[in-house]
Amino acid sequence: MPGNDERPTSMSSTGGEDASSDAESSSDRCNSITSASDFDCSRQSFTSDCSSSKHSSPSSSPPKTITLDDVMSSARDLSNLTLAHEIIVNRDFHVEQPHLPQNSLEKQVKDIVHKAFWDSLESELNDDPPEYEHAIKLLEEIREILLSFLSPGANRLRTQILEVLDMDLIRQQADKEAVDIQGLASYIVTIMGKLCAPVRDDEVKKLRESCNNVVSMFKEIFRVLDLMKMDMVNFTIQSVRPELRRQSVEYERAKFQSIVEKTPSALDHTTEWIKSSLEEVLFSMPTVEQPNGHGKAGKALPSPLLVFNSGFIHILTWDYHKSPLPETLMTDEVRLRELQRRLQLLKAVASVLLIVYSAIGGPISGLPALAERLKRMTSVLLEGMHSTDFNLSEALGNVSGQICCELNKSLTERNYPALPPELQVTVKGQITSITQENNPIRSLVEGRVQQYFQVLLATPNSHVNLPPTPGGLALIQPELTSLAVTFVSLVNFNKQVYSPFYMMILKTLLFSNAAPPPAATAPQDPTIQNPVNSN
């Protein structure tokens, strides 16, 4: 660990689930790769390789028996891939000490074992003559931890620690009952003060002030050393993040290729996902006549970009209870789930506001403060609507009541008459009816949200030149744009890493003997037919 002038700073926010911060860290890296550069393989490239580089396209091999070593190796590759991806796309990612539940069996066992050890140490030091076996083991462990904190160039401090915590010398002193345990503990605390992150200065200061009981002091030393180890890990993460970002695409693709080679079924869900998207796109495409009038009419080959973007749009409404995510999106599952929850809430808020402003119109138009209050109120009352035990109908009833109260207050303050009772009943009925699957307002909002996301997916540099928000969504424009930019950023990076695998699957589906036929009926979960491009 670096010295005082280069001590690691402690990370204060937890990693993983802040999708908007993920987008900031990765948008500059990957938002510009949305269009032809990702899928520059044209229709001719369906029958040829897109590139000859080592990891540019996935290799396939004949089926083979999977051994336990293959399974364990794939698990390690997946773990490394997941960790690297999290470090790359989540700038707030850091490691924290595990906090065991207070009454859990694991915590009880841990507490019992630790108490037994410290009681044994105290008993040995209080013996006459004292026993130092456990104390020497502690000192040896502390020495190794301190040495692990040193940077490669800290030779003088390394030599000093090895001289002061010389285990052979300490054992000789123990045999002669001449070990200065208190002095060694004080030296350790001094070194910790030189190596710790600034956020741990107060902890080290407390150690210096509590040196009456040696056993208690050692307890606290190990507690603070555990914190310092977490700081060191997080400092290392910060240090390697820039290099990981530079190598991110090649690294993640190579790791996933390794998993595919060892696990024949590693792309099964991805194949089904692309197949479903391809069938939907083929269904929406017009039938074309063969050139010169020869042969039967058929479907034109779809654009790979259209097929993949259609598949990504389906992820926004993915049913995680019915089917697992495609394997290529597993590393972003937490971000995608959170984005889906936030988008679900946002669509409900947009539906409510659209009903209110359509029903009342002029008297409440042009009042941004009122619109913001209504939006915030609705968002708070519908928070958690993704939960299975959430009563959406009851919550919407509460929303409609609160909105009518707020509207009446605003209208009377501006010398307008309050809402007639029959209009309030109508507004409440329309708001509560958005729980119905085929509700026209709900369908309108969902369709326009999908259209907006598809426009962004298909627009190069969409994070710079944002397309206009569709009609009816203006009141949620800031929140919708933030979610869309986050999603496009995740999709663009995913395309960079996995597009060779997607192209291989698409070529197989289109040109194998078992190519999927056009769907006979419209897909069950429709998306916008024309492409309108998380971490």
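Treat the numbers as computed from the prediction; the structure is a model and nothing was measured.

(A) Representation of the overall build of the protein chain within the structure. Across its full length, the protein chain holds 17 helices and 2 strands. Taken over 535 residues, the protein chain has a buried fraction of 45%. As presented, the protein chain carries roughly 27200 Å² of accessible surface, and 52% of it is formed by carbon and sulfur atoms.

(B) Quick look at the confidence of the model for the protein chain. On average, residues of the protein chain score 78 in pLDDT, and 77% of them reach the 70 mark or higher. Of the regions scoring below 50 in pLDDT, residues 1–57 engages in 147 contacts with residues more than four places distant in sequence or in other chains.

(C) Representation of the packing of aromatic side chains in the model. With the rule as written, the count across this model stands at 11 aromatic pairs. When the centroid spacing of 6.5 Å and the interplanar angle of 40° are considered together, the rings of tyrosine 498 and tyrosine 502 count as tilted. Of the two residues, tyrosine 498 and tyrosine 502 are both situated in helix 17 (residues 477–511); the distance of 4 residues between them amounts to about one turn of the helix. The same class applies to tyrosine 498 as to tyrosine 502, namely buried. Members of the aromatic cluster, connected to one another through ring pairs, are Phe256, Trp273, Phe308, Phe312, Tyr498, Phe501 and Tyr502.

(D) Layout of the nonpolar core. Counting residues in each nonpolar core, the largest one holds 86 residues, and the members touching the most others are Val356 and Phe453. Ranked by residues supplied to this core, first place goes to helix 17 with 17 residues. Grouped together as the second largest cluster of nonpolar side chains are 44 residues, Ala135, Leu146, Leu157 and Ile221 included.

(E) How the structure looks around helix 15 (residues 421–432). The first and last C-alpha atoms of helix 15 sit 17 Å apart over 12 residues, in line with the 16 Å expected at 1.5 Å per residue. On its buried face, helix 15 is in contact with helix 12 (333–360) and helix 14 (392–413).

(F) Molecular detail of the packing of helix 12 against helix 17. Relative to each other, helix 12 and helix 17 sit at 155°, their axes nearing to 11 Å. The pairing of helix 12 with helix 17 is recorded here as roughly antiparallel in orientation. When you trace helix 12 past helix 17, the crossing you get is left-handed. Across from Arg335, Leu336, Leu339, Arg342, Leu343 and Leu346 in helix 12, the residues of helix 17 making contact are Glu479, Leu480, Ser482, Leu483, Thr486, Phe487 and Leu490. Looking at the contact of helix 12 with helix 17, its residues break down into 8 nonpolar, 2 polar and 3 charged.

(G) Just the packing of helix 10 (residues 268–284) against helix 17, in detail. Axis separation between helix 10 and helix 17 bottoms out at 10 Å; the angle between their running directions is 60°. Regarding the angle of helix 10 to helix 17, the classification is oblique. The two elements helix 10 and helix 17 cross, and the hand of that crossing is right-handed. Along the contact surface, helix 10 presents Thr270, Thr271, Trp273, Ile274, Lys275 and Leu278, while helix 17 presents Tyr502, Ile505, Leu506, Leu509 and Leu510. Of the residues in the contact of helix 10 with helix 17, the class split is 8 nonpolar, 2 polar and 1 charged.

Reading guide: rules and limits
For every chain, the first residue of the written sequence is number 1, and numbering continues from 1 along that sequence. Given that this is a predicted model, residues contribute local features only at a pLDDT of at least 70 and side-chain atom pairs are listed and counted only at 80 or more, while totals for whole chains, interfaces and linings are drawn from all residues. Calculated side-chain values reflect all of the structure's heavy atoms, with hydrogen atoms and water omitted. Counting from the N terminus, the helices are DSSP H or I runs at least four residues long and the strands are E runs at least two residues long. Burial classes: relative accessible area under 20% of the type maximum marks a residue as buried, over 50% as exposed, and values in between as partly exposed (1.4 Å probe, protein chains only). The accessible surface values rely on the Shrake-Rupley method and a 1.4 Å probe; as for residues, cover is taken only from the protein chains in view. The quantity called pLDDT is the predictor's confidence in a given residue, expressed from 0 to 100. Pairs of residues are marked as contacts when any of their non-hydrogen atoms sit within 4.5 Å. In summary, the pairing rule links any two rings of Phe, Tyr or Trp, Trp by its six-membered ring, whose centres are within 6.5 Å, and it sorts them by plane angle into stacked for under 30 degrees, edge-to-face for over 60 and tilted for everything else. As used here, the term nonpolar core means buried Ala, Val, Leu, Ile, Met, Phe, Trp, Tyr and Cys residues forming a set that is joined through side-chain atoms within 4.5 Å. Expected helix span is given by 1.5 Å per residue-to-residue step, counting one fewer step than there are residues. Between the N-to-C directions of two axes lies an angle of 0 to 180 degrees, each axis being a line fitted to C-alpha atoms and, for a helix, fitted only over the stretch in contact. By the definition adopted for this analysis, an angle is roughly parallel if under 35 degrees, roughly antiparallel if over 145, roughly perpendicular if from 65 to 115, and oblique otherwise. Left-handed is the label given to a crossing in which the near helix is rotated counterclockwise from the far helix by less than a right angle, and right-handed is the label when the rotation is clockwise. Three categories are distinguished: nonpolar for Ala, Val, Leu, Ile, Met, Phe, Trp, Tyr, Cys and Pro, charged for Asp, Glu, Lys and Arg, and polar for the others, with Gly belonging to the last.

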